[in-house]
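Summary of structural features
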Amino acid sequence: MKIQVHRFLWYMPIVALVLILCVTVFLVPWKEWIGGELKRRLEARGFQNVELTISRIGFKSVILENLSIGEKSPLVIQNVTMGYSVSDLLRGNADSLDLEGLALQIMRINGSWVISGAEGSKEGKVEIPVSQDEIAGIPLNAAKIENSSIHLASSEWQMNIPLLLSWQKTPIPLLSYSGQNLNLKVQNLAIDAGGAFANATLDSGVWKGNWQIKDIKVSGAQTSIPPLEGRGQLKGLSDRIDVDGEFTSADKAYTLSFMTQYFLNASEKSFLTLRNASMPWNEGALSVQQVRIPFTGNVSVPIDVKVEKVSADALLRQLTGEKATATGEISGVLPIVWKADGTVEVRQGALNSEAPGVIKMAPDAIPGDNPQVALVRDVLADFHYSALSIQAGTGNDNRLSIRMNLEGYNPAAQGGRPVKLSVNLSGDVLGFVEQNLLWLTNPEKFLEQVK
């Protein structure tokens, strides 16, 4: 009996301590105190107007609701769940962090990207953790963001990115993303994607992974573009992200191969390179190769547009308002410059016929009422060309000028003798330069000018 009393007295301090802790947990307003402490710490780091509600506190997790940061356009997270263990808390870490209902808005303002709700946060150098020590220093074993989205916007474009993002530290560092119904709008152009997926693992100090975007639909373009699929590789270093890959249509008629490097702390060094891009046009194809486009800076970008086996008939119908037809194909290169202000300048380039063909122009395509013009109408009514060249360029008035040079004959006009003709296609209607009609009015003088 004495032994039992002795044991009871020995356990009394422990029982009393447990009772005191229980009473304290139920009577002291821990939610308010912890909520205030979280708010104080966030605001100490520069975040303003922090508001939150602690929904539940347990021995293994805490749940926050309606976390709001910022005033004008606050960053809002509907639900935050942090999981932990006693050992994690003793080390100042947490086991997991789940975010739900995140609505992140990033705006391009005065040349800089601004995150809503974090306008007053302290800025610093951004680096991707790539070493084992840096990964070990991350105070989370796992994290997830779901039912969330990012809205990116500038004065020229805006983009919505749905988020399902997950992270794990063990057994190997892994970051994965998936999202449905992405969309991008650039003026009248809209791009929608059915789904996007990406993942990356840490390998010898470099994040390596793959990405894929399915069912990309483009609307608002001047020509109809079929659905596209995109896939490729990505790589993350401490100071930059490299992405390469390609977009293609099911029939491979539309292709775009690219490579980009984005420097996290030096956007002026970032660039996009179009390795190769091609698309069908007028029964032929247009393509560009090795075009380097900087992300920032007041820089003009030169681009050589390669034209391959384009229908002469389709092109002349467009240039003359359906007043001319032709047979044959033409190819060549048109150098253009994409200026920093968004305008396009066409440098001097030429498209040439692949083989002989025939051009037929309607009489009303050639205005004027004199014998010279009448002769031109007769010749171009059924012109069998041996050489066709279309030259294009932007003049001093910033207007596109197009000139068509022809060599050939009309079997039913002028005895079918060979002639050379230059036709100016600039302006609203076809105009013929008078000196180019010398071969009709004064052949001797024409030969003198040729000499």
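Describing the environment of I57
Here I57 lies in strand β1 (residues 51–57). When the C-alpha atoms of I57 and T81 are compared, they prove to be 10.0 Å apart, with 24 residues separating the residues in sequence.

Examining helix α5 (residues 312–320)
Among the residues making up α5, those that are buried are A312, D313, A314, L315, L316 and T320. A positive backbone phi angle near 65° is found at G321, which sits one or two residues after α5.

Some remarks on the packing of aromatic side chains
For the structure on display, the rule yields five aromatic pairs. Relative to F247, the ring of W211 has its centre 5.6 Å away and its plane inclined at 45°; by these criteria the two rings are tilted. Remark: F247 occurs in strand β12 (residues 240–249) and W211 occurs in strand β10 (residues 206–219); sequence separation between them is 36 residues. In this structure W211 comes out as buried when scored by relative accessible area, which is 11%. When the ring of F247 is compared with that of F258, the centres are 5.8 Å apart and the planes differ by 15°; the resulting orientation is stacked. Placement of F247 in strand β12 and of F258 in strand β13 (residues 255–263) is noted, with a sequence separation of eleven residues between them. The class for F258 is buried, based on a relative accessible area of 9%.

Description of the pattern of salt bridges
For the structure on display, the rule yields eight salt bridges. With a closest N to O distance of 3.9 Å, D203 and K208 form a salt bridge. Its salt-bridge partner being K309, residue E354 comes within 3.5 Å of it at the nearest N-O pair. With E354 in the loop between β20 (349–353) and β21 (357–361) and K309 in strand β16 (residues 301–311), this pair connects stretches of sequence that are 45 residues apart. Under the relative-accessibility criterion, K309 is labelled partly exposed at 45%. Connected through salt bridges with shared partners, the residues D313, R317 and E322 form a single ionic network.

Cut-off values and rules
Residues numbered from 1 in each chain as written. Predicted model: local features only at pLDDT ≥ 70, side-chain atom pairs only at ≥ 80, totals over all residues. Heavy atoms only, no water. Helix = DSSP H or I, 4+ residues; strand = E, 2+ residues; numbered from the N terminus. Buried < 20%, exposed > 50% of the residue type's maximum accessible area, 1.4 Å probe, protein only. Phe/Tyr/Trp six-rings, centres within 6.5 Å; stacked < 30°, edge-to-face > 60°. Salt bridge = Lys/Arg side-chain N within 4 Å of Asp/Glu carboxyl O.

This is a description of form; function is not addressed.
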